[in-house]
Structure formats: C-alpha cells, structure tokens
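# Analysis of the macromolecular model
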Amino acid sequence: MSEGPRLDSDGLPALLHRELRAGDDGGARDSLGGRLTHGEATSRPLRPPTPEPQPRGAVLHRHRPVDHDEAAQRFIDAPRHEKMHDERLWDLRQKRDRQMHAIPEWEALRDLASTVKQHTLAHLDEYLEQFEAQAVANGIHVHWARDGAEHNTVVHGILADHGARRLIKSKSMLTEETGLRHYLAGVGIEVVETDLGERIQQLDDEAPSHIVVPAVHKLRSDVAEVFARTLGTDPGNDDVHYLAEQQREKTRPVILEADAGMTGANFAVAETGTFVVCTNEGNADLSANVPPLHIASIGIEKLIPRIADLGVFIRLLSRSALGSPITQYTSHFRGPRHGGEMHVVLVDNGRSARLGEPQFWQSLKCIRCGACMNTCPVYRRSGGLSYGATYSGPIGLILDPTFDRRRYSTLPFASTLNGSCTNVCPVKINIHEQIFAWRKVLAKSHDIGTAKQGLMKAAGAILAHPALYRAAIAAADSALKVLPAFLVANPLNSWTRGRDMPAPPRETFHQWHHRTDGGRKQAP
C-alpha cells in the first residue's frame with residue numbers, strides 16, 4: 001500500500017517552502033485550535049516573502065584596495081540572494097560533472113587542450129603574425145592595441161570613420177576589461193548589449209558578476225525592478241518569459257537601426273585567419289550580421305594554431321561552463337559579408353608581460369568557461385560583484401593583480417585553497433597554486449597592509465619553530481576552555497565574524513602521536 005503525501009504538523013504538504021507559508025491567517029479551526037482540513041475549511045492564503053533588495057558590489061576607491069570582505073558580508077546578509085546564487089552555481093557544477101563522466105576521453109581532452117595552449121603561448125609571436133596575414137588575405141582589417149586605452153581609441157576611430165552613432169555589442173569580457181562602453185558613451189556613441197544577462201547589467205549600471213552568466217546574482221524580482229525602472233514594464237510581474245519577451249521587444253528595433261556591431265571571440269585560428277564566437281542566444285550573429293560594420297575585439301591569448309584544434313576546445317567549453325554538450329550557436333567568422341566591412345582588434349593589455357612571468361603565465365590558457373567560479377565555495381557565497389573587478393572568482397584572483405597589484409591585493413586571500421578550481425579547469429591551469437604564489441608575492445612586496453603583514457610575520461615565526469608552535473597551540477587551547485564566549489567572539493577576532501570558534505580538542509595530534517607511538521600502542 002502506497003503512503004499518502006507527507007504532511008507537516010499543520011496539515012500542509014511538507015514540500016511547500018516555509019517562506020511561502022502565512023502565519024495565523026484567521027482560518028477555520030476546531031474546538032481544540034487545530035486547523036480544519038475538510039471541504040468547509042477556509043483556504044489558507046500563501047503570501048510571497050518580503051522583497052529582499054539586491055546587495056550591491058564592492059565600493060571602489062581609487063587608491064585603496066578592494067574590500068572584498070565587506071562586500072561579501074553584505075551579500076551573505078541577503079539570505080535569499082546568497083542561497084539562490086550558491087545553489088544555481090552548484091547546479092552548473094553538477095551538470096558539468098555529469099557531462100564529464102559521460103565522455104571516457106575527458107581527461108585526454110583536458111591534457112590535449114592544455115598542451116595546445118602551452119604550445120601556442122610558447123610560439124605566440126609566430127601565430128599572431130600568421131593570423132594577421134591570413135585574416136588580411138580574407139579581407140579583414142587587422143589592428144593592434146597595446147593596452148585598453150589604445151583599444152578604445154582604435155574602436156572609436158573605426159566608428160568615427162563610418163559615422164556610426166549606435167553600436168550593438170555581443171558579450172565580451174575584453175571590452176569590459178578595457179571599459180569600452182563607458183568610453184564610447186563619453187564620446188557620444190550609444191552602446192547596446194545584445195546578450196540578455198549583459199543587457200540586464202547594463203540597464204542596472206552594474207558590471208557582469210560572472211564571465212558566462214553575467215546576471216546570475218540577481219533574483220527575478222531584481223530583474224523585474226530593473227526593467228520596470230528602465231523599460232517601463234510591469235513591476236509586479238517577474239515571470240521570466242514575460243521579462244525576456246519585454247526586453248526582446250524593446251531591443252530588437254534598436255538592433256535593426258544600429259550602425260555597427262561588435263563581438264569578442266572565444267577562439268581565433270592562426271591557420272585560417274578566422275575566429276569563433278559561442279553563444280546560446282544568437283546575439284553574436286545579430287551583432288555581426290545586421291549592421292554593415294563588424295568589429296571584433298580579441299585578446300592575443302585566444303589564438304590556437306589549427307582549425308583541427310578547434311574541436312577539442314568546443315567539446316570542453318560549454319560542458320565546463322554550463323554542463324551542456326555544446327552552445328546553441330557556434331559561429332565561425334572568416335571575412336566581411338558581401339557589401340560589409342570587418343575589423344579585428346588584437347589586444348595585449350598586459351598579456352605579454354604576464355607571459356614573461358614564470359609563476360603566472362599559465363593563466364593565459366584560460367578559455368573563460370567559468371567552471372572554477374561555479375565550484376568555488378567562496379565565490380558562490382560572496383557573489384561576483386564583491387570582488388570589485390572585471391574577473392571574479394578563482395580566475396580573477398590570479399588575473400586581477402596583473403592589472404593593478406595594489407587595488408586587488410586582497411583578492412588572493414579570498415580562497416580556501418581547496419584545489420577544486422584546478423580540478424575542474426578544462427585546460428588544467430594550476431589555479432590554487434597560483435593563488436598561493438600571489439600571496440607570497442604580495443607579502444614580499446608589502447602590498448597586503450601593515451596589520452596583515454605583521455600577523456603573517458608572527459605566524460611565520462611561530463610555524464618555523466615546532467616547539468614554539470606546540471606551546472602556542474597548548475596555550476590557545478587552554479585559554480579557549482576557560483574564556484567566556486564574548487571575549488573570544490569579539491570584533492577584533494575576524495575568524496568569528498562569519499563562523500563559530502571550534503571547541504578545543506582533548507589533545508592535539510602531536511600529543512596523540514607521542515602517547516600512542518603513531519597509533520601503534522593500544523589506547524588505555
């Protein structure tokens with residue numbers, strides 16, 4: 001005999017989310033105060049939870065390091081946002097794992113992708129020249145930019161030469177890195193993002209919080225509020241289909257009237273002078289094909305040698321990013337369409353300098369899948385905007401200090417060094433080892449602040465002397481056994497701001513090892 005539906009004590013189905021349950025709503029009750037459950041009972045209304053404002057990102061100061069701890073705490077203090085963000089990204093990680101287990105040659109693909117990237121970076125100058133020659137032969141105008149400022153100037157010059165006043169743009173982390181949209185707004189050129197997540201973030205005047213799913217930190221109610229304020233939609237309607245349709249209806253006319261389009265590139269093939277853009281919305285195809293002018297901004301690390309290598313990365317990219325076998329659109333661009341014009345801007349912006357750094361050059365292998373972000377326990381619970389940088393999560397911890405060592409000096413410490421990021425990286429970047437290496441570099445260059453510098457120096461002195469370390473541990477354990485909680489969990493103890501102080505053990509591992517001779521003696 002099958003069991004009936006599992007009920008809570010109040011008679012409601014146990015699967016009903018607690019946040020949706022009303023309190024005492026005055027419904028019909030029996031003489032003992034229990035709720036009536038028969039047909040004459042009053043239906044119990046379900047009230048939606050009180051709206052929770054979206055926590056904003058890190059507050060940036062020109063000459064001060066990003067305060068990731070403060071911004072992360074504000075995100076954690078918004079429980080609905082923190083819970084949704086954590087569960088959504090962990091779901092992507094689980095989908096990635098299912099895809100991985102479905103391909104017997106997964107690790108061979110990772111090895112091959114890592115080897116191809118390492119080979120390309122070792123011969124990057126040759127492959128860049130080959131790409132340029134082939135692209136020019138295909139009818140593409142190729143430009144070079146040493147940094148973000150030069151990239152923005154080059155793009156502005158191309159647009160000005162064509163009298164363009166409106167640019168539609170596919171998602172591109174490189175243009176976020178260079179601040180292109182704000183630069184063009186300053187010279188009177190309107191930029192419209194065509195990726196839904198990027199468009200949401202643009203309308204809310206926020207940077208993307210994730211390199212694949214830019215608005216993943218937002219609840220549906222947040223998007224409804226943004227669209228109501230900027231597009232005039234119904235503020236009370238947070239249905240995802242309604243919101244997507246409203247954005248589409250209001251953006252498509254703008255796309256049709258655009259003077260120029262811009263994309264980034266996931267991969268650029270030296271052998272053919274072509275590049276590939278992977279999307280799930282087809283927005284790259286709109287940006288590239290509707291206007292007569294197509295500009296592609298490509299970081300020099302996006303090169304791969306041959307078209308035959310492309311299949312390796314295409315198989316890894318979407319599976320690692322979203323847990324799907326392939327993106328909906330894998331668009332290949334070889335040259336300008338009939339009657340159109342195509343420009344490619346190859347951007348360095350610190351990549352050549354990073355290539356010369358023995359400890360950190362491997363970060364240039366990154367294919368921007370976001371797998372390391374989806375698995376990182378710190379990123380999932382603190383939100384991408386708390387990093388105050390273009391790149392967040394584990395990959396951001398090793399990329400951002402290369403752009404501004406002082407501003408991003410706190411970020412390498414926003415990690416547990418558990419190694420999960422390295423384990424899921426499709427090109428086998430040793431991410432957690434680079435995070436640790438950055439900590440040592442920042443400590444040596446005194447970029448971590450006087451207080452942390454002093455604490456690390458003291459910890460180093462204790463850890464370097466075993467006898468002193470054991471004495472310190474014994475003293476701390478003895479103190480924790482007798483000190484009242486308010487003295488331990490005080491504002492000066494940063495450990496207890498987000499976690500409980502663990503109970504002191506009965507004995508340390510060293511004491512146990514000495515007493516039992518490493519477990520060989522029987523315990524009394």
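Scroll up for the structure.
Residues numbered from 1 in each chain as written. Predicted model: local features only at pLDDT ≥ 70, side-chain atom pairs only at ≥ 80, totals over all residues. Heavy atoms only, no water.

## Considerations on the overall build of the chain
To be explicit about the condition: Each helix is a run of H or I in the DSSP string that is no shorter than four residues. Each strand is a run of E no shorter than two, and both are numbered from the N terminus. Working definition: with a 1.4 Å probe on protein chains only, accessible area under 20% of the residue-type maximum means buried, over 50% means exposed, and in between means partly exposed. Here, two residues are considered to be in contact whenever any of their heavy atoms come within 4.5 Å of each other. Note that accessible areas follow from Shrake-Rupley with a 1.4 Å probe, and for residues the cover is restricted to the protein chains shown.
The secondary structure content of the chain amounts to 22 helices and ten strands. Looking at the chain as a whole, 48% of its 524 residues are labelled buried. Taking contacts inside the chain between residues at least 6 apart in sequence as the whole, the part at least 24 apart equals 71%. Within the structure as shown, the chain displays about 26,300 Å² of accessible surface, and the carbon and sulfur contribution to it stands at 55%.

## With respect to the packing of helix H8 (residues 196–203) against helix H9 (residues 220–231)
Going by this rule: Lines are fitted to the C-alpha atoms to define the axes, a helix being fitted only along its stretch in contact, and any angle between axes, read from their N-to-C directions, falls within 0 to 180 degrees. Take the far helix as the reference: if the near one is turned anticlockwise from it by less than a right angle, the crossing is left-handed, and if turned clockwise, right-handed. In the scheme used here, Gly and all other residues not listed as nonpolar or charged are polar, with Ala, Val, Leu, Ile, Met, Phe, Trp, Tyr, Cys and Pro taken as nonpolar and Asp, Glu, Lys and Arg as charged.
Axis separation between H8 and H9 bottoms out at 10 Å; the angle between their running directions is 65°. Here H8 runs over H9; the crossing is left-handed. Of the residues in H9, those in contact with Leu-196, Ile-200 and Leu-203 of H8 are Val-223, Val-226, Phe-227, Arg-229, Thr-230 and Leu-231. Here the contact of H8 with H9 is built from residues that sort into seven nonpolar, one polar and one charged.

## Examining the environment of Ala-71
With respect to the helices and strands, the residue Ala-71 is situated in helix H1 (residues 68–76). According to the relative accessible area criterion, Ala-71 is buried, its value standing at 2%. C-alpha separation for the pair Ala-71 and Leu-385, spaced 314 residues apart in sequence, amounts to 7.9 Å. Look past the residues within four positions of Ala-71 in its chain and what remains in contact with it is Gly-57, Ala-58 and Ser-386.

## Topic: the packing of aromatic side chains
Condition: Geometry of aromatic contacts follows a simple scheme: Phe, Tyr and Trp rings, the Trp one being its six-membered ring, pair when their centres are within 6.5 Å, and the pair is stacked under 30 degrees between planes, edge-to-face over 60, tilted otherwise.
Evaluated as defined, the whole model comprises six aromatic pairs. Each ring, one from Phe-267 and one from Phe-313, has its centre 5.5 Å from the other, and the planes form 40°; the classification is tilted. Placement of the pair is Phe-267 in strand E5 (residues 267–269) and Phe-313 in helix H12 (residues 307–321), with a sequence separation of 46 residues. We note that Phe-267, like Phe-313, is buried. Measuring from ring centre to ring centre gives 6.4 Å for Tyr-391 and Phe-403, while their planes differ by 20°; the resulting arrangement is stacked. With Tyr-391 in the loop between helix H15 (377–382) and helix H16 (393–403) and Phe-403 in helix H16, this residue pair connects regions lying twelve residues apart in the sequence. Residue Tyr-391 is classed as buried on the basis of its relative accessible area, which comes to 1%. Among the residues examined, Phe-403 registers a relative accessible area of 31% and is labelled partly exposed.

## Concerning the nonpolar core
In a soluble, globular protein the nonpolar side chains are often hidden away together inside. Convention followed: Side-chain atoms within 4.5 Å link the members of a nonpolar core, which is a set of buried Ala, Val, Leu, Ile, Met, Phe, Trp, Tyr and Cys residues.
Residues Phe-267, Phe-313 and Ile-431 are the most contacted members of the largest nonpolar core, which totals 62 residues. Excluding residues that lie within four positions of it along the chain, Phe-267 makes contacts with Thr-274, Phe-275, Val-276, Lys-302, Ile-304, Leu-310, Phe-313, Ile-314, Leu-317 and Ile-367. Residues Leu-124, Ile-140, Val-277 and Ile-300 belong to the second largest nonpolar core, which totals 25 residues.

## Concerning the sheet that holds E5
What counts, and what does not: Paired strands are those between which DSSP finds at least two bridges.
Taken together, four strands build an open sheet; the order of strands is E8-E5-E6-E9 and the sheet is mixed. The open sheet has two edge strands, strand E8 (303–304) and strand E9 (329–333), and neither has a second partner. As defined by bridge partners, E5 adjoins strand E6 (residues 274–279) across three bridges and the pair is classed as antiparallel. Following the sheet pairing, Ala-268 is matched in E6 by Phe-275.

Distances and angles like these do not, on their own, reveal function.
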